[in-house]
Amino acid sequence: MSEQATRISEKVSAILDKYRHEEGMLVSILQDIQAEYNHLPKDALVEVSRRLGIPLTQVYSVATFFKAFSLTPRGRHSIHVCLGTACHVRGAVRVLDEVERELGIKAGETTADLKYTLERVNCVGACALGPIVIVDDQFSGEMTIDKVKPMLTSYD
Amino acid sequence: MVTLTIDGREVRAEEGKVLLEVARDNRIDIPALCQHDSVAAYGACRLCMVEISRKGREKLVASCLYPAEEGLVVKTDSPRVIHVRRTVTELLLARCPDSEVLQDLARKLGIERPRFSLEEGNHKCILCALCTRACEQVVGASAISLANRGTARQMATPFHAFSEACIACGTCAEICPTRAIDINDVGDTRIIVMPNVTMEFKLKQCSVCGSYWAPERQLEHIIRQAGLPDNAFDKCPDCRD
Ligand code: SF4
Ligand code: FES
Ligand code: FES
């Protein structure tokens, strides 16, 4: 086993112990792994399947079903641009275009330096303040193109 | 036993037997693609929709899942049923325009061309999960499953790679209602072409006649399951005495 695989195996062990190796806790187990690595490494999923004695296909189906899980590494910060109806009519598309242009990626992608993952959402319940952009847990309302760059450079 | 009415005919059926089966027992044909006697019903294709009325209320249900009840009135050819059947067929055909099975069904229902835009780069998979259910429930391998969700849903192996759990038995290709999976034995190799992955497997050579007669993994699987000696399948069935 490679050094990395050994480390993953130990980490997975600890997480499985926490959930007493219960098959019914698969989603929680994957959530913990996602939190640890910011994605679900393939080796970790194989390990979960082997240790819980459930088919890899089942783990893979669950891992690819929920949006909260990602099989590829995600950025340290997540950016969600709201494209719900209210934000849309207030120019959210232009805001998204600007974020995409600044970062050089499309919605659903992660920057090469793993700093940002960009996502679009449909209404976050703050319509009156639209267009809304959320970075990690930080909401910014009344977004304009001009505010995009300063916002992006304020994170490291 | 319960008594129910299907298309105006009074029929008797075992309580709990699903309507699709009851209809078939009475030679009433309902199109159904994702149902197979060897696996549990799943209700994925929605072709088998029928109309039922209970207490004066009418609704559409999947006949492969809905159990026979006393006094139930079932219609398998009402205008509403025909309408959904056609719409479902149009949707499936738009997804899989190359599928001969769906083309035939559409022709039977008088559909020339779906109203919906046809999907490109097409395969024939309708996501009915018959292959994955058979792989799990009949073969016991669980080598394939449905992955992703929504419009990205697909039948797949984990990570779209060679599936270690696959024993190359070919049950998936056999059971697929739209023939979306191809199997070819070429020389000493079995090639399985699935909608999203192609896998190759070694075939076992007979120690007597030299023919390649079955996938090594499938034979190993049988040996494990049945507790047979390791050399149980050294000879092909023709060369065994
Ligand atoms: S490959 Fe065939 S059996 Fe499997 S899900 Fe697709 S249509 Fe159904
Ligand atoms: S539409 Fe953006 S918050 Fe409602
Ligand atoms: S046969 Fe009933 S939903 Fe497919």
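Residues numbered from 1 in each chain as written. Chains lettered and ligands numbered in written order. Predicted model: local features only at pLDDT ≥ 70, side-chain atom pairs only at ≥ 80, totals over all residues. Heavy atoms only, no water.

For the rest of this paragraph, the subject is the overall build of chain A. Helix and strand counts for chain A stand at seven helices and four strands. When its helices and strands are written in sequence order, chain A yields α-α-α-α-β-α-α-β-β-β-α. Based on the C-alpha atoms only, the size of chain A along its principal axes is roughly 50 × 30 × 25 Å. Sorting the 156 residues of chain A into buried and exposed places 44% on the buried side. Within chain A, residue pairs in contact and separated by at least 24 positions form 61% of the contacts whose partners lie at least 6 positions apart. Accessible surface for chain A amounts to roughly 8,500 Å². Of this, 50% is attributable to carbon and sulfur atoms. (Helix = DSSP H or I, 4+ residues; strand = E, 2+ residues; numbered from the N terminus. Buried < 20%, exposed > 50% of the residue type's maximum accessible area, 1.4 Å probe, protein only. Contact = heavy atoms within 4.5 Å. Areas by Shrake-Rupley, 256 points an atom, 1.4 Å probe, with all protein chains shown as cover.)

Under the criterion given, the structure shown has six aromatic pairs over all chains. Relative to Tyr155(A), the ring of Tyr116(A) lies with its centre 6.5 Å away and its plane at 80 degrees, an arrangement referred to as edge-to-face. Linking Tyr116(A) in strand S2 (residues 116-121) with Tyr155(A) in the segment after helix H7 (145-153), this pair joins segments that are 39 residues apart in sequence. Across from the ring centre of Phe159(B), 5.2 Å away, lies the NZ or CZ of Lys42(A), which sits over that ring. One cation-aromatic arrangement involves Arg149(B) over Phe65(A); the distance from NZ or CZ to the ring centre is 4.2 Å. (Phe/Tyr/Trp six-rings, centres within 6.5 Å; stacked < 30°, edge-to-face > 60°. Lys NZ or Arg CZ within 6 Å of the ring centre and 35° of its normal.)

The environment of ligand 1 is made up of Cys125(B), Ile126(B), Leu127(B), Cys128(B), Ala129(B), Leu130(B), Cys131(B), Cys176(B), Pro177(B), Thr178(B), Ala180(B) and Ile181(B). By residue class, the composition of the shell around ligand 1 is 11 nonpolar, one polar and no charged. (Near = heavy atom within 4 Å. Nonpolar A, V, L, I, M, F, W, Y, C, P; charged D, E, K, R; others polar.)

A word on the sheet that holds S2(A). Residue and element names in this part refer to chain A. Overall, mixed pairing links the four strands, which are arranged S2-S1-S3-S4 in an open sheet. Both outer strands of the open sheet, S2 and strand S4 (138-140), are each paired with one neighbouring strand and no more. Strand-to-strand twist of the sheet, defined as the mean angle between neighbouring strand axes without regard to direction, takes the value 20 degrees. Where strand S3 (residues 133-135) meets S4, three bridges bridge the pair, whose relative direction is antiparallel. In the sheet register, Val135 faces S4, and the bridge partner there is Gln138. The strands that helix H6 (residues 92-103) touches are strand S1 (77-82), S2 and S3; relative to S1, the one it contacts most, it runs at about 150 degrees. (Pairing = 2+ DSSP bridges. Axes fitted to C-alpha atoms, helices over the stretch in contact; angles between N-to-C directions.)

The tendency in soluble globular proteins is for nonpolar side chains to be buried side by side. Residues and elements named next belong to chain B. Counting 24 residues, the largest nonpolar core has Ile144, Met155, Ile181 and Met194 as its most contacted members. Within the residue set of this core, elements represented by two or more residues are helix H4 (130-139), helix H5 (171-175) and strand S10 (198-205). Of the residues forming this core, the biggest block, three residues, is contributed by H4. Each residue touching Met194, except ones within four places of it in the same chain, is listed here: Ile144, Met155, Thr157, Cys172, Ile181 and Met199. (Core = buried A, V, L, I, M, F, W, Y, C linked by side-chain atoms within 4.5 Å.)

It is worth spelling out the packing of helix H3 (residues 42-52) of chain A against helix H4 (residues 56-65) of chain A at this point. Residue and element names in this part refer to chain A. The interhelical angle for the contact between H3 and H4, taken along N-to-C directions, is 130 degrees, at an axis separation of 8 Å. Relative to H4, the element H3 is oriented oblique. For H3 against H4, the interelement crossing comes out right-handed. The segment H3 lies against H4, with Leu45, Val46, Val48 and Ser49 engaging Leu56, Val59 and Ala63. By residue class, the composition of the contact of H3 with H4 is six nonpolar, one polar and no charged. (Parallel < 35°, antiparallel > 145°, perpendicular 65-115°, else oblique. Left-handed = near helix turned anticlockwise from the far one by under 90°.)

Moving on, we get to the side chain of His39(A). Residue and element names in this part refer to chain A. Examined against the element boundaries, His39 turns out to sit in the loop between helix H2 (26-37) and H3. Residue classification places His39 among the buried residues on the basis of a relative accessible area of 14%. In this view, His39 contacts Ile33, Gln34, Ser70, Leu71, Thr72, Pro73 and Arg74; residues no more than four positions away in its chain are not counted.

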